[in-house]
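Listed below, chain by chain, are the residues.
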Amino acid sequence: MDIVLDYCDEHWLTPYVYPTSLPPGNVFRQLLSLSVIVVSGGYTLYFLTAALNYYFIFDHRLKLHPQYLKNQVQMEIECSLKSIPYMSLLSTVMFLLEVRGHGKLFDHFSETSLGYWSVPVYSASFIVFTDSLIYWIHRALHSKYLYKRLHKTHHKWKIPTPFASHAFNPIDGFLQSSPYHIYVFLFPMHKWTYLGLFVFVNVWTVSIHDGNYQVPERLKQIINGAAHHMDHHVYYNYNYGQFFTLWDRLGKSYRNPSSFEGDGPLQQVEKRQELQRRLSLSAAGDIAESTVLTDSPPRTPDEPEREVELIRETVIIKETITQEAIQATREVNYGFSKGHVRTRSLTQQCEDFFAEAFAQNCLKKID
Ligand SMILES: [Zn+2]
Ligand SMILES: [Zn+2]
């Protein structure tokens, strides 16, 4: 972070902001400057990455999912806006220690025997180290005591958007980002590499909330992507990892993403849309049939096919209703039904449930 601080000192802070009585090495000046840099940098990175992702990558059909909340994006942004300054303050203290030379960051590649190889080697060790720590921190945050007090805020979003990436309780957010700070106090790293990795982890955090499951086939089982994290938001006690699935597999908390098995939230939306389309077609067919009831046309060879299709549709409806009822029951059993959001979500699900039950009756009549 001292690269950014030095740049700001040289171009703005020394000539225009601070009096000469406060030199660049003054600890209070550094603390104040870093606070402003980290908060403004945090906001910029959040809005830029999340907005680009939301408009160009995030599949907006996910907003049709029954568990997507009304005004959710607005709530996610509000939560992030409140949290980022507090999260940044805690990070600022760590950055201050680092700027004052307490970390193991170095300026020149000549300072390490690895030379330029230090970039891939230390980057890989940074990712492995932080992934391990985040797994256990995240898992601890799901304990009854910490979940209720800290982590529940982030799980308000069952179908998250990229804007949910920084929507945390500030202490929760800091705890989960602490491994990124701790690393440079334990292991050496080039300053530019560290800065680049810090941007990367922010982008990654946004990307696992975008619902985009486009991971190369070979890496699907290794990388903890948006599909895994989506299931974490939906089913709570699975896929705590950040970058890899390794710790979830070792810790027995791995769950093959439902979207890989054809039943992810986006596929559920697609099925729902298909169902609605079929229902409207069936209803239209029903009306057409009743208008010609007195003068029915002779049975055509296509009619048995239509009957088979109607039976198939009924089966699909039954499956959907069963799945949603199971999911709703799971949530109630899990004990999160007291919160306003969860209650609203369940109400919404019940409305859908009855709407579909009604539709099912209509189909039975057609049968
Ligand atoms: Zn969690
Ligand atoms: Zn999340």
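From a predicted model like this one, the values you see are computed outputs, not experimental measurements.

K.L.:
Would you mind showing me how to read the UniProt feature "transmembrane region" (unreviewed entry) in the protein here?
P.N.:
Those places that UniProt annotates as "transmembrane region" (unreviewed entry) correspond, in this numbering, to residues 31-58, 79-97 and 117-137. This span, residues 79-97, is 100% helix and 0% strand, and a straight line between its end C-alpha atoms measures 28 Å. Segment residues 117-137 splits into 95% helix and 0% strand. End C-alpha atoms: 30 Å apart.

K.L.:
Teacher, can you tell me more about helix α1 (residues 2-17) here?
P.N.:
An α-helical turn contains 3.6 residues, so any two residues separated by three or four positions project in the same direction. Over its 16 residues, α1 extends only 18 Å from the first C-alpha to the last, a length that falls short of the 22 Å expected when each residue adds 1.5 Å. Taking the largest bend as the criterion, α1 deviates by roughly 55 degrees, centred on aspartate 9.

K.L.:
What am I meant to see in the environment of threonine 205 here?
P.N.:
Relative to the elements of secondary structure, threonine 205 occurs in helix α7 (residues 191-207). C-alpha separation for the pair threonine 205 and serine 165, spaced 40 residues apart in sequence, amounts to 5.8 Å.

K.L.:
Help me understand the nonpolar core in this model?
P.N.:
For soluble globular proteins, nonpolar side chains are generally found buried alongside one another. One finds Ala50, Trp157, Phe163, Ala164 and Ala167 to be the most contacted residues of the largest nonpolar core, which totals 16 residues. If you list the elements that add at least two residues to this core, you get α2 (27-56), α3 (72-99) and α6 (170-186). If you tally residues by element for this core, the top one is α3, at three residues. When sequence neighbours within four positions are dropped, the list of residues in contact with alanine 167 reads Glu76, Cys79, Ser80, Ser83, His154 and Trp157. Listed in part, the nine residues of the second largest apolar core include Leu105, Tyr180, Met189 and Tyr194.

K.L.:
Explain unusual backbone geometry here, please?
P.N.:
Of all residues except glycine, most have a negative phi; of all peptide bonds, most are trans. The backbone phi angle of asparagine 239 is positive, close to 50 degrees, even though this residue is not glycine. Residues other than glycine seldom take positive phi values, yet lysine 252 does so here, at roughly 60 degrees. Looking at where lysine 252 falls in the secondary structure, it is placed in the loop between α9 (246-250) and α10 (265-291).

K.L.:
It is not clear to me how the environment of asparagine 239 should be interpreted in this structure. Could you clarify?
P.N.:
In this fold, asparagine 239 is placed in the loop between α8 (226-235) and α9. A count of 27 C-beta atoms within 10 Å places asparagine 239 in the buried class. Expressed as a C-alpha distance, the spacing of asparagine 239 and tyrosine 254, which sit 15 residues apart in the sequence, is 5.3 Å. Asparagine 239 has contacts with Asn224, His228, His229, Asp231, His232, Asp248, Ser253, Tyr254 and Arg255, leaving out every residue within four places of it along the chain.

K.L.:
Quick question: what am I supposed to make of the packing of helix α4 (residues 118-141) against α6 here?
P.N.:
Packed helices, taken two at a time, are described by their axes: the angle between them and the distance between them. Remark: α4 packs on α6, axes separated minimally by 9 Å, with the N-to-C direction vectors making an angle of 155 degrees. Relative to α6, the element α4 lies roughly antiparallel. As for how α4 packs across α6, the hand of that crossing is right-handed. Side by side, α4 and α6 meet where Phe126, Phe129, Thr130, Leu133, Ile134, Ile137, His138 and Leu141 of the first sit next to Asp172, Leu175, Gln176, Pro179, Tyr180 and Tyr183 of the second. Considering only residue class, the contact of α4 with α6 consists of 10 nonpolar, three polar and one charged.

Scoring rules and cut-offs
Residues numbered from 1 in each chain as written. Chains lettered and ligands numbered in written order. Predicted model: local features only at pLDDT ≥ 70, side-chain atom pairs only at ≥ 80, totals over all residues. UniProt positions renumbered as here; feature names shortened; annotations may be inferred. Helix = DSSP H or I, 4+ residues; strand = E, 2+ residues; numbered from the N terminus. Expected span 1.5 Å × (residues − 1). Bend = angle between axes of the 7 residues up to and from the residue. Core = buried A, V, L, I, M, F, W, Y, C linked by C-beta atoms within 7 Å. Buried ≥ 20, exposed ≤ 12 C-beta atoms within 10 Å, placed from the backbone. Contact = placed C-beta atoms within 7 Å. Axes fitted to C-alpha atoms, helices over the stretch in contact; angles between N-to-C directions. Parallel < 35°, antiparallel > 145°, perpendicular 65-115°, else oblique. Left-handed = near helix turned anticlockwise from the far one by under 90°. Nonpolar A, V, L, I, M, F, W, Y, C, P; charged D, E, K, R; others polar.

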